[in-house]
Amino acid sequence: MNITIEKLWKEHLVKDLPFVVYKKSNSSQLIGLFQQNDQLFTVNTFKEEGFVMAPFYEGNRFYIPASESVEIVEPFIVNSAVIEGNIKFDYTNTAKKDFESLVQRCVEAINENTFEKVVPSRKEIVSKPSIGIIELFNRLVNTYSEAFCYVIYHPKVGLWAGATPETLLVVENKKVSTMALAGTQLNHGKDNVEWGQKEQEEQQFVTDFIVNQLEPYVTDCKVSEPYTKRAAKVMHICTDVEATLQVQTIQPIIEALHPTPAVCGMPKAAAREFLLKEEGYDRKYYSGYLGELNKTKERRTELFVNLRCMEIETNQLNLYIGCGVTKESKPESEFIETVNKATTMKKILY
């Protein structure tokens, strides 16, 4: 009998062993990495090889080592017959009031010159769907083929799934590439997309931050013109950044970029301190990063910001959503933006 991703997946769930199954953007392959023990391996030097997952702030920066795992690669064909669930737009008045209050405090802090931009977020608890985790992942990869889709489990960390549109960093053969992603509006399927001053300003913050952070470690930095990047129900403004690596390790680049202004704010230290104090909950791995670390003989690293994600617990799902706030932000509009983003996950749940 052939060993398949689905077979090992089921076995690892029964045996309570770590694994990750993922599909890269617009790829025709599924990749599964199945660890053969339940040890929690942590990344310390960034010379480790495997699949890494890191938190927004505090927590285990762990990885599933290639040397301790069975890897399976299978062809993937989009199943156009997959049925999307009924989107639930329900939210409580308390959640709306609390988040709008948080956004208002963000704007006040910006006006007091605490920082230029900040990205508050919230956690939305929803009922666990009747579908299993394998079916949930199948819906993810078929619905969001343009995103990096994954399910990852470790008994000492938990079960997470997501479909993120944002690359944190790609490094291969000394070539470094990343993206500046910000601004959000609903995807209406139109070719011509207009962006307001608030969204353009927000995106420029992110671009400037990334270029400045990369500068000590790269040469020949090139930045594309801004363009619209579609991510299922929503769209963002994006610029691509490419450069040549001039240091021996990728660790300082990762630590310089994470967390980006797209998920934290700018200046980074002040924005993160504010969020840790004011958000009122632990983001855990939301807005952290995950992906391949030093995979293949070329030691390719391909990391993604953990957006559009969910934490799957025994009796509930936790959805994590945020929005970029500048001095022009309106609290109610920002809350509605998080509601729109939440539909990315809710679309495949029920």
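Here, the structure is the one placed above.
Here we summarise the structure given alongside this text. Given the structure is predicted, the values throughout are model-derived calculations rather than measurements.

What counts and how
- Residues numbered from 1 in each chain as written.
- Predicted model: local features only at pLDDT ≥ 70, side-chain atom pairs only at ≥ 80, totals over all residues.
- Heavy atoms only, no water.
- Helix = DSSP H or I, 4+ residues; strand = E, 2+ residues; numbered from the N terminus.
- Buried < 20%, exposed > 50% of the residue type's maximum accessible area, 1.4 Å probe, protein only.
- Polar contact = N/O pair within 3.5 Å; in protein donor to acceptor, adjacent residues only side chain to side chain.
- Contact = heavy atoms within 4.5 Å.
- Salt bridge = Lys/Arg side-chain N within 4 Å of Asp/Glu carboxyl O.

As a further point, take unusual backbone geometry. Of note, the amide linkage connecting His258 to Pro259 takes the cis form, showing an omega dihedral of -10 degrees. Along the chain, the position of Pro259 falls in the loop between α5 (251-257) and β16 (265-266). Here the amide bond leading from Met266 into Pro267 is cis, since omega sits at 0 degrees, within 30 degrees of zero. Here Pro267 shows up in the loop between β16 and α6 (268-278). You will see that Lys174, though not glycine, has its phi angle at about 70 degrees, which is positive. Its place among the elements puts Lys174 in the loop between β11 (167-172) and β12 (175-186). Of note, Asn294 is a non-glycine position whose phi angle comes to about 55 degrees, a positive value.

As a further point, take the side chain of Ser287. With respect to the helices and strands, the residue Ser287 is situated in the loop between α6 and β17 (289-295). Among the residues examined, Ser287 registers a relative accessible area of 0% and is labelled buried. A distance of 2.9 Å separates the side chain of Ser287 from the side chain of Arg283, its partner in a polar contact. Setting aside residues no more than four positions away along its own chain, Ser287 makes contact with Phe56, His258, Val263, Val305 and Asn306.

The full count for this structure, using the stated rule, is 17 salt bridges. A salt bridge links Lys7 to Glu11; the nearest nitrogen and oxygen atoms lie 2.6 Å apart. Separated by four residues within a single helix, Lys7 and Glu11 lie in helix α1 (residues 5-15), roughly one turn from each other. Exposure remark for Glu11: the relative accessible area of 27% places this residue in the partly exposed category. Its salt-bridge partner being Lys96, residue Glu332 comes within 3.6 Å of it at the nearest N-O pair. Of this pair, Glu332 sits in helix α7 (residues 331-346) while Lys96 sits in helix α2 (residues 93-111); the two residues are 236 residues apart in sequence, bridging distant segments of the chain. The exposure class of Lys96 is buried, given its relative accessible area of 18%.

Locating Lys15 in the fold gives a position in helix α1. Judged by its relative accessible area of 56%, Lys15 falls in the exposed class. Spatially, the C-alpha atoms of Lys15 and Asn37 are 9.6 Å apart, while their sequence positions differ by 22 residues.

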